[in-house]
Amino acid sequence: MERIIMHIDVNNAFLSWTAVLLLKEGYQFDIRNSYAIIGDEENKRHGIVLAKSTPIKKMGVVTAEPIFMARKKCPSLKVYKPNYKWYKEMSDKLFELISQYTPDIQKMSIDECFLDYGPVKHLYGDEVEFAYRLKDEIYNTLGFTVNIGIANSKLCAKMASDFSKPNKVHTLFESEVDEKMKPLPIEELFFVGKKSALKLRNLGINTIDDLSKCSYDFLYPYFKNQSLKLIEVANGIDNSIIERDKVVTKGLSNSTTLNHNLIHKSEVLEILEAIAENLTSQLRKEGRYASVVRVQLKDSNFKNYTHQIKLENSTNNTSMIFETARKLLDEMWRDDLIRLVGLALDGLSSELSYQTSLFDVPEEFEQNKDLDNAVDKLKDKYGIDVIKKASLLGKRKVGKKY
C-alpha cells in the first residue's frame, strides 16, 4: 500500500478563530481583513503579538514582538484578546470533522495534525481531490481556512503545507523533492532551527540541496549525532509513523463509510438500526443515558449534513433511540446518493431522567428495558452477531466502521 501522509494546518489559527466568533456574535466585518492582532496586557510592556492579520503583517508586524512596538509600525491596529476556551472548542470541532474520514490522526498542536490517507484512499479516491474537498468542507462548515500538504512522509507533508498560504493544497512527493524542496533556503527545512541554520550558513551550506550533498564525516564535528538526521531530512527521508491519538469522547458515535452509494432510505435505516444497537449496548454497559440524538449523512459529493434532537427523557433503550433516528432521517432525507451514515448520542448522564405522561405506557417501557438487557447478555456470552432484530436478518453487511 502506498504511503500517503497529509499535514493539515489552520491558517493563522488564533486570529481566524477569533474572527469566526466575532462574526457569529454579529460583527459587521471580518477582522482577518483589517489591521488586527491577537494579544493581551497591552498596557504592560511585556504584552506581545500572539497572531496578526495579513494587512498588518504587510506593515512589518511580526509574531511575538511587543504590542507597543507593533503599534509604532501601525498606529491604527486593533487588539483583540485571546479566547482560549473558544480556541479549544474550534480545535475540537476541526479534529472531529477530520476524524469522520479516518481514525489515523496524530495531533501536533491545537491547530495542526497529520493524517494517514493510504488506508482509506480506496474509499475516497485521489488524495489531491480529497484534500481539496476536505479543505472546502472545513471552510464551509467551520468558517476558517487550512493548508494541506500531501507527501509520502510526515516531514515532506509538513514542508508542503508550509508552501504558499492561505487556503492551499500542495504536494511534495518523493519524485518532487529535488524540484520543490531542495532549492529552498536552509532556514526553511523542517527540523533545522535558527542556530543550526546559522551554523550551516557559516559552513557554506545555504540551501537544502547543499545540505543533502554533505557527507556525514563533514558534518559530524559540528553537529555530532544529529549529522545523519540532517542529511536524511535534506533528502526528504522520514520513516516516522502516524501515532494515532487516543481521544476521550464526551458522547458516543459511530459511522459507516460505504464503498458504494446508497440509493434507498430503507438501506440507510438498516445501518442506523445496527449502529443504534451497538451504541445503546455500550451505554448500558457504562450505566449511562443519552439525551441528544444526532444523525449524520454524507452524500457522494462529500457534502455533510446532520439533524439532531434533544429528548424529553434521557434513555439507553435501543428502540427509543432508533425510532428517534428514524424520525430525524425522515426530516433530512433528500433522495441523494449516500456514502456515509452516522449516529451520535450526546448529553450523556449516569442518571435516568424519565417523566411519565398520560400517553406513556410504563409496562412497555419496562418490557423494552428487559428485552435490551436480555439481548446484551446473549451478545456478551455468544458474540455480537448471535441475535439481531428481525428487520436486519438476512441483510448483507455493508461498509467499514471507524
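Parameters at a glance
- Residues numbered from 1 in each chain as written.
- Predicted model: local features only at pLDDT ≥ 70, side-chain atom pairs only at ≥ 80, totals over all residues.
- Heavy atoms only, no water.
- Helix = DSSP H or I, 4+ residues; strand = E, 2+ residues; numbered from the N terminus.
- Buried < 20%, exposed > 50% of the residue type's maximum accessible area, 1.4 Å probe, protein only.
- Contact = heavy atoms within 4.5 Å.
- Areas by Shrake-Rupley, 256 points an atom, 1.4 Å probe, with all protein chains shown as cover.
- Pairing = 2+ DSSP bridges.
- Axes fitted to C-alpha atoms, helices over the stretch in contact; angles between N-to-C directions.
- Phe/Tyr/Trp six-rings, centres within 6.5 Å; stacked < 30°, edge-to-face > 60°.
- Lys NZ or Arg CZ within 6 Å of the ring centre and 35° of its normal.
- Polar contact = N/O pair within 3.5 Å; in protein donor to acceptor, adjacent residues only side chain to side chain.
- Patch = residues over 30% accessible without salt bridge, like charges linked within 9 Å, V, L, I, M, F, W, Y side chains within 5 Å.
- Salt bridge = Lys/Arg side-chain N within 4 Å of Asp/Glu carboxyl O.
- Parallel < 35°, antiparallel > 145°, perpendicular 65-115°, else oblique.
- Left-handed = near helix turned anticlockwise from the far one by under 90°.
- Nonpolar A, V, L, I, M, F, W, Y, C, P; charged D, E, K, R; others polar.

Student: Would you mind going over the overall build of the protein with me for this structure?
Tutor: Per the secondary structure count, the protein includes 15 helices and 13 strands. Taken over 402 residues, the protein has a buried fraction of 46%. Contacts spanning at least 24 positions in sequence make up 63% of the contacts within the protein whose residues lie at least 6 apart. For the protein, the exposed surface amounts to about 21,500 Å²; the carbon and sulfur share of it is 52%.

Student: Is there a simple way to explain the sheet that holds strand E3 (residues 49-52) in this structure?
Tutor: Working definition: the strands of a sheet are paired by backbone hydrogen bonds and lie parallel or antiparallel to each other. Pairing is mixed across the open sheet formed by three strands, whose spatial order is E3-E2-E4. In the strand order of this sheet, the two ends are held by E3 and strand E4 (78-80), each with one partner. On average, adjacent strands in this sheet sit at an angle of 35° to one another, irrespective of strand direction. As paired elements, strand E2 (residues 36-39) and E3 share three bridges and run antiparallel to each other. Pairing of Ile 37 across the sheet is with Lys 52, part of E3. Helix H1 (residues 13-24) contacts E2, E3 and E4 of the sheet and is inclined by roughly 105° relative to E2.

Student: How should the packing of aromatic side chains be read in this particular structure?
Tutor: The geometry of an aromatic ring pair is captured by two quantities: the separation of the ring centres and the angle between the planes. Under the defined criterion, the tally for this structure stands at 13 aromatic pairs. One aromatic cluster is present, built from ring pairs that chain together Phe 14, Trp 17, Tyr 84, Tyr 87 and Phe 144. Above the plane of the ring of Phe 223 lies Lys 199, whose end atom (NZ or CZ) is 5.0 Å from the centre.

Student: Before we go on, may I ask you to explain the side chain of Glu 65 in this structure?
Tutor: In this fold, Glu 65 is placed in the loop between helix H2 (54-57) and helix H3 (67-73). Overall, the relative accessible area of 7% leaves Glu 65 in the buried class. At 2.9 Å, the side chain of Glu 65 forms a polar contact with the backbone nitrogen of Val 62. Within the local environment of Glu 65, its side chain forms a polar contact with the side chain of Lys 73, the two groups lying 3.2 Å apart. Excluding residues within four positions of it along the chain, Glu 65 makes contact with Gly 47, Ile 48, Val 49, Gly 60, Ala 70 and Lys 73.

Student: Would you explain a nonpolar patch on the surface in this entry?
Tutor: Where nonpolar side chains cluster on the molecular surface, the patch consists of Tyr 216, Tyr 220 and Leu 228 and spans about 270 Å² of accessible area. Structurally, the position occupied by Tyr 216 is in helix H11 (residues 216-223).

Student: Just checking my understanding: could you explain the packing of helix H4 (residues 84-98) against helix H6 (residues 127-142) for this structure?
Tutor: Between two packed helices, the angle of one axis relative to the other and the distance separating the axes together describe the packing. Following both chains from N to C, one finds H4 and H6 inclined at 140°, their axes separated by 11 Å at the closest point. Here H4 lies oblique to H6, going by the angle between them. Handedness of the crossing formed by H4 with H6: right-handed. On H6, the residues that touch Met 90, Lys 93, Leu 94 and Leu 97 of H4 are Leu 134, Glu 137, Ile 138, Thr 141 and Leu 142. Across the contact of H4 with H6, the residue classes break down as six nonpolar, one polar and two charged.

Student: What should I look at first to understand the pairing of strand E6 (residues 112-116) in this one?
Tutor: Looking along a regular strand, one sees the side chains alternate between the two faces of the sheet. With respect to burial, E6 is a largely interior element, five of its five residues being buried. A two-sided burial pattern is seen for E6, the buried positions comprising Glu 112, Phe 114 and Asp 116 on one face and Cys 113 and Leu 115 on the other. As defined by bridge partners, strand E1 (residues 5-10) adjoins E6 across five bridges and the pair is classed as antiparallel. Bridge assignment links Asp 9 to a residue of E6, and that residue is Glu 112. Two elements, strand E5 (residues 105-109) and E6, share four bridges in a ladder whose sense is antiparallel. Bridge assignment links Ile 105 to a residue of E6, and that residue is Leu 115. In sequence, E5 turns back onto E6 through a hairpin of two residues.

Student: Could you clarify how one ought to interpret the sheet that holds E1 in this entry?
Tutor: Taken in spatial order, the five strands make up an open sheet running E5-E6-E1-E7-E8, and their pairing is mixed. Either end of the sheet is taken by a strand with one partner, and the two such strands are E5 and strand E8 (169-172). The mean angle between the axes of side-by-side strands here comes to 20°, regardless of whether they run parallel or antiparallel. With four bridges connecting them, strand E7 (residues 146-151) and E8 associate as parallel partners. Bridging across to E8, Ile 148 finds its partner in Val 169. Set on the sheet, helix H7 (residues 154-161) makes contact with E1, E5, E6, E7 and E8; between it and E7 the angle comes to about 145°.

Function-wise, these values are silent; they only describe arrangement.
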